[in-house]
Amino acid sequence: MPDSSPSVSVKLQQVLDQIRAVDRDLADLRRLRARVPEGRAFSEPLQVAFDKQINELLNRKISLEELEIEDPDQELLDQLFAVDVATSSRIRVDRAKPVLATPTAQEEQIFAFLKAMPKAEIHLHMEACISKDTLAGMLEKNQVPYKEADLDKLYNFKNLQEFITLFLFIIDSIKTPDDFELVFKNLREYLESNSVRYAEVFLAPSRMVQNGLDFNEIARTLDDLATRCRREGGPDVKYLFDVSRTFGVENASKNLQRILAARADNIIGIGLGGAELMGPAREFKDVFAQARAEGLRAVAHAGEDDGPWSVRDAVEILKAERIGHGTSAIQDPSLLELLKEKQIPIEICLTSNIFTGKYVRQEKDHPVRRYYDEGLVCTINTDDPEIFNVTLTDEYIKLYRHLGFSVSELVDMNRQTFISSFSNDRAKLWKQASAEIAQLREEMQV
Ligand SMILES: [Zn+2]
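Residues numbered from 1 in each chain as written. Predicted model: local features only at pLDDT ≥ 70, side-chain atom pairs only at ≥ 80, totals over all residues.

(A) Structural context of the overall build of the protein. Secondary structure assignment for the protein yields 20 helices and eight strands. If you line up the protein on its principal axes, its C-alpha atoms span 70 × 55 × 50 Å. For the protein, the proportion of contacts with a sequence separation of at least 24, taken over those separated by at least 6, is 76%. (Helix = DSSP H or I, 4+ residues; strand = E, 2+ residues; numbered from the N terminus. Contact = placed C-beta atoms within 7 Å.)

Dropping the structure here:
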């Protein structure tokens, strides 16, 4: 009969959790290994690199399985459990729990500085800037009956499917273009409370148009709201409209024609979003070429769900000017070289990557540390703040806490975010921010 005292059973449970985590990582790596394109310069070295990682994980799994049956060696257990294993439940959002542990006295001043620091954010989805209260306000305005408890449940999603359900529910709750007044108000509050002076915000119009909203009216409303906000001294907001991988090339092209026809000054470009595994970059080559020829800026989500080749294709085929996420790029040293040489900014979304658990399951393992150290341009963003219950200030704090970025390095990444933006005034914006930052650092002694 094994000892069934609570501490031992807790440890056994931890071992089992570790094994499950290794199994998930193995499944992910094998999935990507099977997707490595044939016959390209990077194919063989990548396959070898994947095989090596798969073997390392298999060895780790064997040692864990041995632990499970033998009397666990304390030292080995401590070593294993120093790793904070993410489980599939990481996708869960517990809004009652504080996002960050209580700061120490020393951290308090630094965190106050990070909050006050004038910032830019360039990877942010408008639909994900809608809080539960704003959603409730929208439902009331549109006379859609709802129960408070149902909204609570929606925002406390527990898995990827529930997360998607919430996202779609939010989009479907936008019934008329003037609902964007409420949405924009929420966005502005979020930006102002994080001292964000300049933002580039994604909007995915495909489903909204399917739902019967008029594209031109959406574009005009958003354009006016951004202009008004700027005139009132609020943050400078620009939009990048999504040409989704999910809905196919024809729909992407239609969205592009609509953007061009709308001629809204604050809609400055397109972004490739949606399901990365469903729509390879090369299919959108012509859409991107036309967008660039028409003077629009072009970015792409890549390397979030698929391997490094997806990032390479976005850069080489689409000529994407920035890459959203790019987490899997770490697998391919020659790709990192390319990103560095071309100085293609990476839109880092730390919390989002941990939530979706693709490629990176804990903050301290996020490739941003290596990207930055190797000289890649790293910009800091939230992706989906209201949905993931995170703010841009939190992102900087996490980088400080978990990845050892110094205050000067964080300021430098903020600078990279400003100068990677598409604002014509980016140099001026950074100059102003930089002067304020210098003054804040002196006053706050950080
Ligand atoms: Zn995104």
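(B) Looking closely at unusual backbone geometry. Unusually for a residue other than glycine, Ser195 sits at a positive phi of about 55 degrees. By the secondary structure assignment, Ser195 is in the loop between α8 (179-193) and β2 (196-203). According to the C-beta neighbour criterion, Ser195 is partly exposed, with 18 such atoms within 10 Å. Of note, His325 is a non-glycine position whose phi angle comes to about 75 degrees, a positive value. By secondary structure assignment, the location of His325 is in strand β6 (residues 322-325). (Buried ≥ 20, exposed ≤ 12 C-beta atoms within 10 Å, placed from the backbone.)

(C) Region of the structure containing the confidence of the model for the protein. Predicted confidence across the protein gives a mean pLDDT of 90, with 91% of residues reaching 70 or more. Low pLDDT, under 50, characterises residues 1-6; the predicted model gives this stretch two contacts beyond four residues in sequence or across chains. When the criterion is pLDDT under 50, residues 81-90 qualifies, and its contacts beyond four places in sequence or with other chains add up to 16 contacts. (pLDDT = per-residue confidence, 0-100.)

(D) Examining the sheet that holds strand β1 (residues 119-125) more closely. Taken in spatial order, the eight strands line up as β1-β2-β3-β4-β5-β6-β7-β8 in an open sheet, and their pairing is parallel. Either end of the sheet is taken by a strand with one partner, and the two such strands are β1 and β8 (378-380). Strand after strand, the sheet turns through a mean of 30 degrees between neighbouring axes, direction not considered. Summarising the sheet, β1 and β2 pair through five bridges and their orientation is parallel. Bridging across to β2, Lys119 finds its partner in Val196. (Pairing = 2+ DSSP bridges. Axes fitted to C-alpha atoms, helices over the stretch in contact; angles between N-to-C directions.)

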